[in-house]
Amino acid sequence: MTELSAALAAAEGGAASSGGSSPLFMYGFLALAVGAFWLMSRRTRKQQQTQQEFRNQLQPGDEVMTASGMIGTVVEVESDRVTLESKDGSSRTQWVLAAIARRTDPPVEDAPEDDAAVGDAQRIAGANDRVIDVPDDLSTLDDRRDDGGKPRK
């Protein structure tokens with residue numbers, strides 16, 4: 001009986017030492033989680049800093065878009081408020097500086113084109129203007145092929 005109890009105790013002792021979780025694994029997992037959290041917060045801080053620098057550089061005359069989608073021209077910048085004017089100049093609205101999302105580029109005016117310099121885009125657009133007659137059924141098609149091969153039967 002003592003031999004059996006000694007064997008059971010040895011087996012339980014061996015299972016307890018190999019079946020338990022290693023503190024090294026827990027510390028490694030914890031370090032990985034802390035590192036991931038630090039990287040994500042660092043990226044967020046950089047984005048916030050970039051936005052803050054953009055908002056601090058706003059000048060009257062800049063065309064901007066708010067976070068809600070309104071596009072207007074900056075008329076006046078106060079400490080934490082921006083006055084925007086609509087495109088037609090009929091209305092002015094005040095916005096909190098944090099509501100300005102980004103600067104918009106004014107529309108580019110088309111330059112006059114030379115007749116001699118026709119670009120690929122114009123050639124493609126001209127090719128798309130040609131009318132292609134597509135029949136409703138195959139009975140009106142002739143047996144000729146465009147590639148010079150034998151007629152289809």
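Everything below is about the structure printed above this text.
Structure report, in brief. Keep in mind that what you see is a predicted model, and the values were worked out from it rather than measured.

## What to know about the sheet that holds strand β1 (residues 63-66)
Strand order in the open sheet made by the five strands is β4-β3-β2-β1-β5, with antiparallel pairing throughout. Either end of the sheet is taken by a strand with one partner, and the two such strands are β4 (92-96) and β5 (100-103). Geometrically, the sheet is characterised by an average inter-axis angle of 45° between neighbouring strands, direction not taken into account. Note that strand β3 (residues 81-85) and β4 share five bridges and pair antiparallel.

## As for helix α2 (residues 23-56)
Spanning 34 residues, α2 covers 49 Å between terminal C-alpha atoms, matching the ideal 50 Å at 1.5 Å per step. N-cap assignment for α2: the residue whose side-chain oxygen lies 3.2 Å from the backbone N of L24 is S22.

## A closer look at the environment of W95
With respect to the helices, strands and loops of the structure, W95 is situated in strand β4. Sequence separation of W95 and T66 is 29 residues, and the distance between their C-alpha atoms is 8.5 Å. Dropping the residues within four chain positions of it, W95 is found in contact with T66, S68, M70, D80, R81, V82, L84 and I100. Looking at W95, its side chain comes within polar contact range of the side chain of T93, at 2.8 Å.

Cut-offs used in this document
- Residues numbered from 1 in each chain as written.
- Predicted model: local features only at pLDDT ≥ 70, side-chain atom pairs only at ≥ 80, totals over all residues.
- Heavy atoms only, no water.
- Pairing = 2+ DSSP bridges.
- Helix = DSSP H or I, 4+ residues; strand = E, 2+ residues; numbered from the N terminus.
- Axes fitted to C-alpha atoms, helices over the stretch in contact; angles between N-to-C directions.
- Expected span 1.5 Å × (residues − 1).
- Polar contact = N/O pair within 3.5 Å; in protein donor to acceptor, adjacent residues only side chain to side chain.
- Contact = heavy atoms within 4.5 Å.

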